[in-house]
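Now for the letters of each chain:
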Amino acid sequence: MAESGEIKLEPSWKAVLAGEFSKMYFEQLTKFVKEEYKKGTVYPAPKNIFRAFDLCPFDKIKVVILGQDPYHGPKQANGLCFAVGEGVDLPPSLQNIYKELETDMHPEQGSTLLKTGDLEQWAKQGILLLNATLTVRAGVANSHQGRGWEQFTDAAIKTLSERREHLVFILWGNYARQKGAHIDRTKHLVIESPHPSPLSAHRGFFGSKPFSKTNAYLQKTAQTPIDWF
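A quick note: this is a predicted structure, and the numbers were derived from the prediction, not measured. (Residues numbered from 1 in each chain as written. Predicted model: local features only at pLDDT ≥ 70, side-chain atom pairs only at ≥ 80, totals over all residues. Heavy atoms only, no water.)

Looking at this structure, how should I read the nonpolar core?
In a soluble, globular protein the nonpolar side chains are often hidden away together inside. With 69 residues, the main nonpolar core has Trp13, Phe53, Ile65, Trp122, Leu128 and Phe152 as its most contacted residues. Here Ile65 is in contact with Cys81, Phe82, Trp122, Ile127, Leu128, Leu129, Leu130, Ile170 and Trp172, once residues within four sequence places are set aside. (Core = buried A, V, L, I, M, F, W, Y, C linked by side-chain atoms within 4.5 Å. Buried < 20%, exposed > 50% of the residue type's maximum accessible area, 1.4 Å probe, protein only. Contact = heavy atoms within 4.5 Å.)

Structure follows, in structure tokens:
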């Protein structure tokens, strides 16, 4: 993360969010995050803070999945919400996402959980895997909330809603639903359900079929469906 005038961000995103970088909150956020990295371990690695944006240029996005906070354990956070680094055990929420994916898209095959949790191949197909907060102190969940990241990611969501058409926004859990207040539902499909966490997945996440609903909408609006596997 560089000074506000030198943000290392994918060019199309840097252009559409240019107005944010000179705002006071973003300058304060930049200073705070830099100090946190100096003081101790922060996730993800600095090069991956904006990875969700870097893998998914503004005009290529078809789907947005909203998360809340990066994982705060070693080797987990990789800059994409719900994803983990290559070779890292799948967290419970991601295991449940994969279970629902397989039940939704290939119920006849039974459980053959995808092995990697990286999710880069989703991002490269136009899925913005966006956490509301892009950094976290090691071992301390939600430690970088309320510092400005939420305002920045709200701006990203609002800009997508205003400037694009026929996107799919997947909102899992109450936090993501609140984040979805900036979405124009007359232009986009919004899919909502409980969070895939083991605490709530059985209250309506399982059986919600977000993956097939996404592909049906993309095909209906003359877009290429996602290859989820």
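Moving on from the model shown.
Can you help me understand the packing of aromatic side chains in this one?
The relation between two aromatic rings is expressed through the spacing of the ring centres and the mutual angle of the planes. Throughout the structure, instances matching the rule amount to 19 aromatic pairs. Pairing Phe53 with Phe152 gives two aromatic rings, centres 5.9 Å apart and planes at 65°, and the pair type is edge-to-face. Remark: Phe152 occurs in helix 7 (residues 149–163) and Phe53 occurs in helix 4 (residues 51–54); sequence separation between them is 99 residues. Phe152 carries the same exposure label as Phe53, and that label is buried. (Phe/Tyr/Trp six-rings, centres within 6.5 Å; stacked < 30°, edge-to-face > 60°. Helix = DSSP H or I, 4+ residues; strand = E, 2+ residues; numbered from the N terminus.)

Looking at this structure, how should I read the environment of Ile97?
The topology assignment puts Ile97 in helix 5 (residues 92–105). Taking the C-alpha atoms as reference, Ile97 lies 8.9 Å from Ser197; in sequence the two are 100 residues apart. Residue contacts for Ile97: discarding those within four places in its chain leaves Phe82, Trp122, Trp172, Pro196, Phe205 and Phe211.

Whenever I open this one, helix 3 (residues 24–39) confuses me. Can you help?
Counted at 1.5 Å a residue, the expected span for helix 3 with its 16 residues is 22 Å, and the 23 Å between its end C-alpha atoms agrees. Within the sequence span of helix 3, burial applies to Tyr25, Phe26, Leu29, Thr30, Phe32, Val33 and Glu36. Packing partners of the buried residues in helix 3 comprise helix 2 (18–21), strand 1 (42–43), strand 4 (136–137) and helix 7. (Expected span 1.5 Å × (residues − 1).)

It is not clear to me how the pairing of strand 5 (residues 168–172) should be interpreted in this structure. Could you clarify?
Two faces, one strand: in a regular strand the side chains alternate between the faces of the sheet. Extensive coverage of strand 5 is indicated by the burial of five of its five residues. Burial along strand 5 is two-sided: Val168, Ile170 and Trp172 and Phe169 and Leu171, pointing in opposite directions, are all buried. With four bridges connecting them, strand 2 (residues 63–67) and strand 5 associate as parallel partners. Considered in strand 5, the bridge of Val64 is made with Phe169. As judged from the five bridges shared by strand 5 and strand 6 (residues 189–193), these two strands associate in the parallel manner. Its bridge partner being in strand 6, Leu171 is matched across the sheet by Glu192. (Pairing = 2+ DSSP bridges.)

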